[in-house]
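Remarks on the overall topology
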Amino acid sequence: MSHLNRKVSNVDVLVLGGGAAGFAAALAARRNGCSVTLIESQNCIGGSRTATGVDTFYGFYTPGDSPRRIVGGIPWEVANRLVEVNGCFERPNTYGAGTGITYDVEKLKVIYESMLIEAGVTLLYHTYASVVEMEDGTIKGVAIANKGGLTTIYAKYYIDATGDGDIAARAGAPFELGSPEELQSLTTIFFMANVDVDKAKMTSHKALAKLMKEANQSGQYNLPREDGSWHATPNPGVIQTNMVRVTGVDATDPFALTMAEIEGRKQTQEYVRFLNNCVPGYENAFLVSTSQHIGVRETRRIRGAYTLTEEDVVQGAKFDDAIACCGAPVEDHYAGSGTRWAYVQGDGVYHIPFRSLVPQKVSNLLVAGRCLSATHGAQASARNSAQCMAMGQAVGTASALACKTNSNISELDIFQLKNLLLEQGVIL
Ligand SMILES: Cc1cc2nc3c(=O)[nH]c(=O)nc-3n(C[C@H](O)[C@H](O)[C@H](O)COP(=O)(O)OP(=O)(O)OC[C@H]3O[C@@H](n4cnc5c(N)ncnc54)[C@H](O)[C@@H]3O)c2cc1C
């Protein structure tokens, strides 16, 4: 058979991208009775949560003195699986993003895979979703590229969980994409081992920032971000950092993304040199790994039936078609050396509406995760990982409902969807 344009038999739901959102979407659609194939360009499930090395779930709890858990369902099941394998711990966040759940990335990879395989999702790694075949505003098929050549997969419903909204954009759904200067910065996460963690903890976050500033002022170091952070991991002597800052990059531009990977690794060497030489506790530490994919916070935000705004976030807006709750603050890693924070007022919680996951102009497509329909400021809150998984569960369940009733996404009975989500442990 030719390796060009092979046709593959239909599935009910095709999920493009296996990050936090795609994982939960595939699992929910499968558990609700659909046949599901999940396409992932890398070699594991998790996206930013694993391949990028971001090892702390935020968004499960509201920030502040009396944290409330506001995310249940599949995301909470994942957290419990991590507890079962002694793979995580809870920690208060110094910036006030709320209680985080820090985990062992390798254990999470296995948990994500096990849950999908147990449910019967078909996984395809090392595979890029590329060209979209359209007919009258409906996706007919998506061509995928991998070692087997080009193949088209046909499905009834499609879920774009690529983070970048690749499929929605190619299907002709409108989207917003800031200029490279407006987009949030990228970060190469790195892990160091042999750190004297107790000693390192004696340098406060403020004191570390001062050391970074002094190092830059000495002319001997070039650290683009002076408020970077680090934290202990479940593995003794191993720490994870969020220090590197690569700005002015549109990560949907493959050339710019390549340069960002190169710049991120270069900066990593500089931060490691700084930590080794200037920060007590790091004298004998060494770099163990950089993330296999640079961390991308923001690219396309698909324009949906509703666009979540920063005002909605800060005012704690509630919606009739709520599919998830969020209490995480706006955390805007804008270009430059700082980060802008804005907190949710009122009862500290806002809703993510289902309409922000329904792209305009394409009838059988849903999106989930960081490419949801939101303004720049709102996305800087809703992109937290617990919410991305919650959005995934919502769209996976919605596509299963649409499948059962053979209906268009826009015709879905929202109250039926909400009831099903509530039955399946979702907190609304
Ligand atoms: C540096 C950094 C630090 C962060 N810190 C935190 C934190 O501490 N706590 C927190 O809760 N959140 C944090 N976040 C945010 C959070 O991790 C992400 O917003 C969230 O995980 C995004 O999930 P997603 O599934 O929408 O997208 P992604 O994680 O980007 O997943 C998308 C997946 O799709 C795949 N893909 C992309 N295009 C294609 C294609 N065309 N074909 C096939 N596959 C494709 C990718 O390989 C990837 O696996 C951080 C993010 C970054 C970048």
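Residues numbered from 1 in each chain as written. Predicted model: local features only at pLDDT ≥ 70, side-chain atom pairs only at ≥ 80, totals over all residues. Heavy atoms only, no water.

1. Side note on the sheet that holds strand S12 (residues 229-232)
The four strands lie next to each other as S12-S13-S11-S14, forming an open sheet whose pairing is antiparallel. This sheet does not close on itself; its edge strands, each paired only once, are S12 and strand S14 (286-290). Across the sheet, the mean angle from the axis of one strand to that of its neighbour is 30 degrees, orientation sign disregarded. Two elements, strand S11 (residues 190-193) and strand S13 (residues 239-242), share three bridges in a ladder whose sense is antiparallel. Paired with Phe191 across the strands is Gln240, a residue of S13. (Pairing = 2+ DSSP bridges. Helix = DSSP H or I, 4+ residues; strand = E, 2+ residues; numbered from the N terminus. Axes fitted to C-alpha atoms, helices over the stretch in contact; angles between N-to-C directions.)

2. Some thoughts on the site of the ligand
Taken together, 34 residues sit near the ligand, with Glu40, Arg49, Thr56, Arg383 and Ser385 positioned nearest. When isolated, the ligand has an accessible area of 1,000 Å², and the protein chains bury 94% of it. Elements that contribute at least two residues to the shell around the ligand include exactly helix H1 (20-31), strand S3 (56-57), strand S7 (128-135) and helix H10 (385-405). Each residue belonging to the shell around the ligand can be placed in one class, and the counts come to eleven nonpolar, 17 polar and six charged. (Near = heavy atom within 4 Å. Areas by Shrake-Rupley, 256 points an atom, 1.4 Å probe, with all protein chains shown as cover. Nonpolar A, V, L, I, M, F, W, Y, C, P; charged D, E, K, R; others polar.)

3. Quick look at the sheet that holds strand S5 (residues 100-103)
Taken in spatial order, the three strands line up as S3-S5-S4 in an open sheet, and their pairing is antiparallel. Two strands bound the open sheet, and with one partner strand each, they are S3 and strand S4 (88-91). Relative to S5, S4 runs antiparallel, the two sharing four bridges. When the sheet's bridge partners are listed, Cys88 is paired in S5 with Tyr103.

4. A word on the pairing of strand S2 (residues 36-39)
Neither face of S2 is open: one carries Val36 and Leu38, the other Thr37 and Ile39, and all of them are buried. Two strands pair when backbone bridges link them, and S2 and strand S6 (residues 122-124) are joined in this way by three bridges, in the parallel orientation. When the bridges of S6 are listed, Ile39 appears paired with Leu124. (Buried < 20%, exposed > 50% of the residue type's maximum accessible area, 1.4 Å probe, protein only.)

5. So, the domain arrangement of the chain
Along its sequence, the chain is organised into domain 1 (6-179 + 298-423) and domain 2 (190-290). A separation of 29 Å is found between the C-alpha centroids of domain 1 and domain 2. Tallying the contact residues gives 24 residues for domain 1 and 18 residues for domain 2. Here domain 1 packs against domain 2, burying approximately 1,500 Å² in sum over the two surfaces, 51% of which is carbon and sulfur. For the pair domain 1 and domain 2, the number of links is zero salt bridges. Our count for the contact surface shared by domain 1 and domain 2 stands at six residue pairs in polar contact (both at pLDDT 80 or more). Those elements that place two or more of their residues in the side of domain 1 that touches domain 2 are S4 and S5. The biggest single contributor to the side of domain 1 that touches domain 2 is S4, with three residues. Counted by class, the side of domain 1 that touches domain 2 contains nine nonpolar, ten polar and five charged residues. (Domains from an automatic or database assignment. Contact = heavy atoms within 4.5 Å. Buried area = accessible area lost by both parts, 1.4 Å probe. Salt bridge = Lys/Arg side-chain N within 4 Å of Asp/Glu carboxyl O. Polar contact = N/O pair within 3.5 Å; in protein donor to acceptor, adjacent residues only side chain to side chain.)

6. Looking at the environment of Tyr350
Of note, Tyr350 is situated in strand S19 (residues 350-353). Residues Tyr350 and Tyr128 lie 222 residues apart in sequence; the distance between their C-alpha atoms is 34 Å. Polar side-chain contacts of Tyr350 include one of 2.7 Å to the side chain of Ser381.

7. So, the environment of Asn235
Here Asn235 shows up in the loop between S12 and S13. Owing to a relative accessible area of 34%, Asn235 belongs among the partly exposed residues under this scheme. With 170 residues separating them in the primary sequence, Asn235 and Thr405 have C-alpha atoms 48 Å apart.

8. Focus on helix H3 (residues 105-119)
Counted at 1.5 Å a residue, the expected span for H3 with its 15 residues is 21 Å, and the 22 Å between its end C-alpha atoms agrees. In this structure Asp104 caps H3, since a side-chain oxygen of it lies 2.9 Å from the backbone nitrogen of Glu106. Of the residues trailing H3, Gly120 is marked for its positive phi of about 100 degrees. (Expected span 1.5 Å × (residues − 1).)

9. What to know about the nonpolar core
Of all hydrophobic cores here, the largest spans 85 residues; its most connected members are Phe23, Phe57 and Phe354. Tallying contributions element by element places H10 first for this core, with twelve residues. When residues of this core are assigned to domains, at least three map to each of domain 1 (6-179 + 298-423) and domain 2 (190-290). Those residues in contact with Phe23, other than ones at most four positions away along the chain, are Gly18, Ile45, Ile74, Val78, Tyr112, Met115 and Leu116. Of all hydrophobic cores here, the second largest spans 30 residues; its members include Leu208, Tyr221, Phe274 and Val296. (Core = buried A, V, L, I, M, F, W, Y, C linked by side-chain atoms within 4.5 Å.)

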